[in-house]
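# A look at the structure
Okay, here's what each chain looks like letter by letter:
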Amino acid sequence: MSTDLTASPQTAAELRRYAEALLAHLAANGSAPPAPPGFADIPGNWLPPAVEALVAILAGDDPLEPLSKAAGRDQQQTALFLCLALAVAGHGSRIHASWLGTAFGDLSLDQPVSHGQRSLWLAAARGAYGPAGKIFVLRKLDALAVQEHADPSQWTQALVPGEPSVVVPASLVDFPEMAEIPELARPTQAAARLDRLRARCAEITSTPQAGQSASTPLTNSDASPAAAWQEDEPLAVLRTLIGLGGPPGPMASLSSHLLDDLRPGADPHLAAIALHVAGPILRGVAEELEADTRLEPPATVTVALLGHHIKLHPEGPDESSMAAAEAAIVSAGTTPRRRPWDVALLVLAGLACFAGAVLGPPLLAVAGAGLLGAAAWLLWRRRKAAEADARWVASQVAELKELADGAVWALHAYAHEAEGRAKQASEDCAELTRLIRRGPRAA
């Protein structure tokens, strides 16, 4: 889009100075600089007559002669310059309808969007050309049938990024691991996603967009220097057209622009346009999500409780799986013990000492008593250990039964929630469809 002005350096310098001053005045108050252009025409170059035509339009004079000269040299660049300059000045209503089509050119799903096309897209979305400008962009986008070449998951991810991997409904708060069971997770995840999509669409369509019109400048109401405008696409393209900008940045595809426009934090004017394009995609997604919320909960669910897989039925936990779990608890909680041979040996030794004390020294009786006491202590330890094992097994079995009964009641509560969840999803789907139908027309 740059202009070759090397043929006449002095005239080119004068042209650039006046063009930069012109941009500053346009963006500040929508007028041309006080002094008329004093530079000569450059043969074959479209910019000098285009600037002259722009000044004539702003002054209310007839621009036909310089406009014809500029268009004869480069029709598309002339149209782009005039469309963007008048939009920046807040006089977008003064453009001719044919200029917008000439400047915009053709969009393609296979080719990147040029900076000029994106700048016109942005200006039209912000209302620089009035309702007709938005309709023009919408028709250009509709003609491409983007939805036929789109991956629905990309569009939903753009609208509502960062979705939680697991949604725990109120009925399963005490059993969050049950919310990860696919049969139970799918309806709740669908309902939560549909709610987020509806909220995001409501946010886009409820953002006031009527404040920008063809009589309001796009930017730079405080008349800041032209060097500060480069982050704004229309002004950056204008600077490039008059030879003041640096090399243009990389261009993005049509789908990339639309997905970026849908993401939270994007320009609300662009988001409304992108939502219109994504409408057919989102309607299909919403209908699928609503259908998922109506899925019946399974009759039998297998859930892990205390590390054991228990089958749950509406009438209660499955007896066979509970019996297997209880057997596993008993096996894990009971320590294998050998026969008390050490106790038997101590008893025999103690009795032998008592027998020897009858015929021998009396101290053998004391030793025998000590050995029998040691045997009794060992037996007491074995009994206490067995009692501790039994208490642990009993507590684990009781806890397992309590958890199983609680999980069954949680499934009943989940089933009770399902009706309300499906009803709310139906309302969300209807509201989302209504919001999409409003689309940019809400602006």
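Refer to the structure presented above.
Analysis parameters
- Residue numbering note: each chain is counted from 1, following its sequence as written.
- Residues qualify for local features only when their pLDDT is at least 70, as the model is predicted, and side-chain atom pairs are given and counted only at 80 or more; totals for whole chains, interfaces and linings, by contrast, use all residues.
- The side-chain values count all of the structure's non-hydrogen atoms but skip hydrogen atoms and water molecules.
- Only runs of H or I of at least four residues qualify as helices and only runs of E of at least two qualify as strands under DSSP, and these elements are numbered from the N terminus.
- Each residue is assigned to one of three classes by its accessible area relative to the maximum for its type, calculated with a 1.4 Å probe on protein chains only: buried under 20%, partly exposed between the two thresholds, exposed over 50%.
- Two residues qualify as a contact provided that any one of their heavy atoms is within 4.5 Å of a heavy atom in the partner residue.
- Calculation of accessible area relied on Shrake-Rupley with a 1.4 Å probe; when residues are assessed, cover is drawn exclusively from the protein chains displayed.
- By the criterion applied in these results, polar contacts are pairs of N or O atoms within 3.5 Å in which, for protein atoms, one can donate a hydrogen and the other can accept it, and in which residues neighboring in sequence qualify only through two side-chain atoms.
- Put simply, buried Ala, Val, Leu, Ile, Met, Phe, Trp, Tyr and Cys residues joined by side-chain atoms within 4.5 Å make one nonpolar core.
- The criterion for strand pairing is that DSSP finds at least two bridges linking the strands in question.
- In summary, the pairing rule links any two rings of Phe, Tyr or Trp, Trp by its six-membered ring, whose centres are within 6.5 Å, and it sorts them by plane angle into stacked for under 30 degrees, edge-to-face for over 60 and tilted for everything else.
- Over a ring means this: the NZ of a Lys or the CZ of an Arg is within 6 Å of the ring centre and within 35 degrees of the ring normal.
- Nonpolar side chains (Val, Leu, Ile, Met, Phe, Trp, Tyr) are joined into patches within 5 Å and like charges within 9 Å, using only residues with over 30% relative accessible area and no salt bridge.
- For this document, the term salt bridge refers to a Lys or Arg side-chain nitrogen within 4 Å of an Asp or Glu carboxyl oxygen.
- The charged-residue count follows a simple rule in which Lys and Arg add positive charge and Asp and Glu add negative charge, with His and chain termini not counted at all.
- Charge coordinates come from a single atom per side chain, which is NZ of Lys, CZ of Arg, CG of Asp or CD of Glu.
- Every angle, taken between N-to-C directions, lies between 0 and 180 degrees, and every axis is a line fitted to C-alpha atoms, over only the stretch in contact when it is a helix.
- Any angle from 65 to 115 degrees is called roughly perpendicular, while one under 35 is roughly parallel, one over 145 is roughly antiparallel, and all others are oblique.
- Each crossing gets its handedness from the near helix: less than a right angle anticlockwise from the far helix is left-handed, clockwise is right-handed.
- Amino acids outside the nonpolar list (Ala, Val, Leu, Ile, Met, Phe, Trp, Tyr, Cys, Pro) and the charged list (Asp, Glu, Lys, Arg) are all regarded as polar, and Gly is one of them.
- Between the first and last residue of a helix there are one fewer steps than residues, each counted as 1.5 Å, and that sum is the expected span.
- Throughout, the bend at a residue refers to the angle made by two axes, fitted to the seven residues ending there and to the seven starting there.

## Notes on the overall build of the protein chain
Counting secondary structure elements, the protein chain contains 15 helices and 3 strands. Here the protein chain, with 443 residues, has 43% of them falling under the buried criterion. Put simply, 73% of the contacts in the protein chain that link residues at least 6 apart link residues at least 24 apart. Approximately 22100 Å² of the protein chain is accessible, and the part contributed by carbon and sulfur atoms is 57%.

## A closer look at the side chain of D267
Among the structural elements, D267 can be located in the loop between α11 (254-262) and α12 (268-293). At a separation of 3.3 Å, a polar atom in the side chain of D267 contacts the side chain of R126. Separated by 2.7 Å, the side chain of D267 and the backbone nitrogen of H269 make a polar contact. Residues in contact with D267, not counting those within four places in the same chain, are L122 and R126.

## A few points about the nonpolar core
F81, W121 and Y129 are the most contacted members of the largest nonpolar core, which has 87 residues in total. A total of 13 residues in this core trace back to one element, the largest contributor, which is α12. If sequence neighbours within four positions are ignored, W121 has contacts with F104, V113, V137, L141, L254, H257, L258, D261, L270 and I273. Formed by 23 residues, the second largest nonpolar core is a distinct cluster that contains M178, I310, L400 and Y414.

## Quick notes on the sheet that holds strand β1 (residues 301-305)
If you walk across this open sheet you meet the 3 strands as β1-β2-β3, and the pairing is antiparallel. Two strands in the sheet have a free side with no partner beyond their single neighbour: β1 and β3 (316-317). Bridge count between β1 and strand β2 (residues 308-313): 5 bridges; the pairing is antiparallel. Following the sheet pairing, V301 is matched in β2 by L312.

## Comments concerning the packing of aromatic side chains
Tallied over the full model, the rule gives 2 aromatic pairs. Between the aromatic rings of F104 and F136, the centroid separation amounts to 5.5 Å while the plane-to-plane angle is 90°, which identifies the pairing as edge-to-face. Here the residue F104 occupies a position in helix α5 (residues 97-104), and F136 occupies one in helix α7 (residues 130-142), the gap between them amounting to 32 residues. Given a relative accessible area of 2%, F104 falls into the buried group. Under the relative-accessibility criterion, F136 is labelled buried at 19%. When the ring centre of W121 is taken as reference, the NZ or CZ atom of R118 above it lies at 4.8 Å. In this arrangement the basic side chain of R421 is found over the ring face of Y414, its NZ or CZ atom lying 4.6 Å from the centre.

## A few points about a negative patch on the surface
The grouping of E52, D61, D62 and E65 at the surface amounts to a negative patch. Here E52 falls in the partly exposed class, since its relative accessible area comes to 46%.

## A closer look at the packing of helix α6 (residues 115-125) against α7
Packing of α6 against α7 brings their axes to within 8 Å, and their N-to-C directions diverge by 130°. With respect to α7, the axis of α6 lies oblique. For the pair α6 and α7, the sense of crossing is left-handed. For the pair α6 and α7, contact is made by W121, A124 and A125 and by G133, K134, V137 and L141, respectively. In the contact of α6 with α7, the residues fall into 5 nonpolar, 1 polar and 1 charged.

## Considering the packing of helix α8 (residues 152-159) against α11
To characterise two packed helices, one gives the angle between the axes of the helices and the distance between these axes. Contact geometry of α8 with α11 gives a least axis separation of 7 Å together with a crossing angle of 35°. As for how α8 packs across α11, the hand of that crossing is right-handed. For the pair α8 and α11, contact is made by Q154, W155, A158 and L159 and by L258, L259 and L262, respectively. Here the contact of α8 with α11 is built from residues that sort into 6 nonpolar, 1 polar and no charged.

## With respect to a nonpolar patch on the surface
On the surface, L345, V347, L348 and L351 cluster together into a nonpolar patch covering about 380 Å² of accessible area. Mapped onto the elements, L345 comes out in helix α14 (residues 341-359). A residue is classified by how much of its surface remains accessible, and L345, at 60% relative accessible area, is exposed.

## Looking at α12
If you check α12, its first and last C-alpha atoms are just 30 Å apart, much less than what 26 residues at 1.5 Å a residue would give, namely 38 Å. Maximum bend of α12: about 55°, positioned at A278, with proline P280 one to four residues after it. The backbone nitrogen of H269 lies 2.7 Å from a side-chain oxygen of the residue at the head of α12, namely D267.

## Quick word on the environment of A50
As for its position among the elements, A50 is in helix α2 (residues 47-59). Since its relative accessible area comes to 0%, A50 is described here as buried. The spacing of A50 and F81 is 31 residues in sequence and 7.6 Å in space, taken between C-alpha atoms. Not counting residues up to four positions away in its chain, the partners in contact with A50 are A70, T78, F81 and L82.

## So, the pairing of β2
Sheet faces and side chains relate simply in a regular strand, where the side chains alternate between the two faces. Counting the residues that bridge the hairpin from β1 to β2 gives 2 residues, and of these L306 lies at a positive phi of roughly 55°. As defined by bridge partners, β2 adjoins β3 across 2 bridges and the pair is classed as antiparallel. Residue pairing across strands places H313 opposite G316, the latter belonging to β3. Between β2 and β3, which pair antiparallel in sequence order, lie 2 residues.

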